[in-house]
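Residue-level listing of the chains:
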Amino acid sequence: MERCSALDYIVWRGLEKPIAGETMSKTIVVVGFGPGISTAVADKFGAEGFRVALIARNLERLAAGVQALKAEGVAAAAFVADAGDPASIRSAIGKARAELGPITVIHWNAFSGS
């Protein structure tokens, strides 16, 4: 059996063919968006046809991320929230769902602790 990374497995599972006549909605929420792995995850899932919701505290970074995704033809939106604040995250995820549709995957790339 061929080994694959967790991301490859998630993408593979998310890209299963829908049942005939069924439409499959694919949206990923990236919590803690910033440079590095979260950008790579957003790019990879966006390239695979997912709509991408970016959540972070830094509005400028979020705007740049959405602009880069949209330049590649990806439906993307940004939501400012603090991953250390459950109410803030709940609100941002609710807004993402309202704007982009049902959420398929959440990638948690944030750490709140000491």
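Calculation notes
- Residue positions within a chain follow its written sequence, with the count starting from 1.
- Local features in this predicted model are restricted to residues whose pLDDT is 70 or higher, and side-chain atom pairs enter the listing and the counts only when it is 80 or higher, whereas totals over whole chains, interfaces and linings include all residues.
- Where side-chain values are given, they derive from all heavy atoms of the structure, hydrogens and water being excluded.
- For cavity detection a 1 Å grid was placed over the protein atoms alone, and a set of points counts as a cavity when a 1.4 Å probe fits there but cannot get out; an open set counts as a pocket when protein lies on both sides within 12 Å along at least five of seven lines, with lining residues being those that have an atom within 4 Å of a point.
- Grid points are joined across faces, edges and corners, and a volume is the space filled by probe spheres set on the points.
- Under the scheme applied here, ten amino acids are nonpolar (Ala, Val, Leu, Ile, Met, Phe, Trp, Tyr, Cys and Pro), four are charged (Asp, Glu, Lys and Arg), and all others, including Gly, are polar.
- Pairs were defined over the aromatic rings of Phe, Tyr and Trp, the Trp ring being its six-membered one, requiring ring centres within 6.5 Å. Orientation was assigned from the angle between planes: stacked under 30 degrees, edge-to-face over 60, tilted for the rest.
- Buried, partly exposed and exposed residues are distinguished by accessible area as a fraction of the type maximum, computed with a 1.4 Å probe on protein chains only: under 20%, between the cut-offs, and over 50%, respectively.
- Note on conventions: DSSP H or I runs of at least 4 residues are helices, E runs of at least 2 residues are strands, and numbering of each starts at the N terminus.
- For a helix, the expected span equals 1.5 Å multiplied by the number of residues minus one.
- The reported arc concerns the directions from the helix axis to the C-beta atoms and nothing else.

This part takes up the layout of surface pockets. There is about 220 Å³ of room inside the largest pocket. Lining the largest pocket are 15 residues, and of these G32, A56, R57, A83 and A110 sit closest to its centre. Residue composition of the lining of the largest pocket, by class: 7 nonpolar, 5 polar and 3 charged.

Another point: the packing of aromatic side chains. Taken as a whole and judged by the stated rule, the model has 1 aromatic pair. Ring centres 4.9 Å apart and planes at 75° place the aromatic pair F45 and F50 in the edge-to-face group. Considered together, F45 and F50 belong to a single accessibility category, that of buried residues.

What follows concerns helix α3 (residues 59-71). Over its 13 residues, α3 runs 18 Å from end to end, which matches the ideal 18 Å to within 8%, given 1.5 Å per residue. Along α3, the residues classified as buried are L62, G65, V66 and L69. For α3, the buried positions fall inside an angular range of 95° around the axis, keeping them on one side. Set apart from the buried face of α3 by more than 90 degrees, the exposed residues are E60, Q67 and A71. Of the residues one or two after α3, G73 is the one with positive phi, at around 85°.

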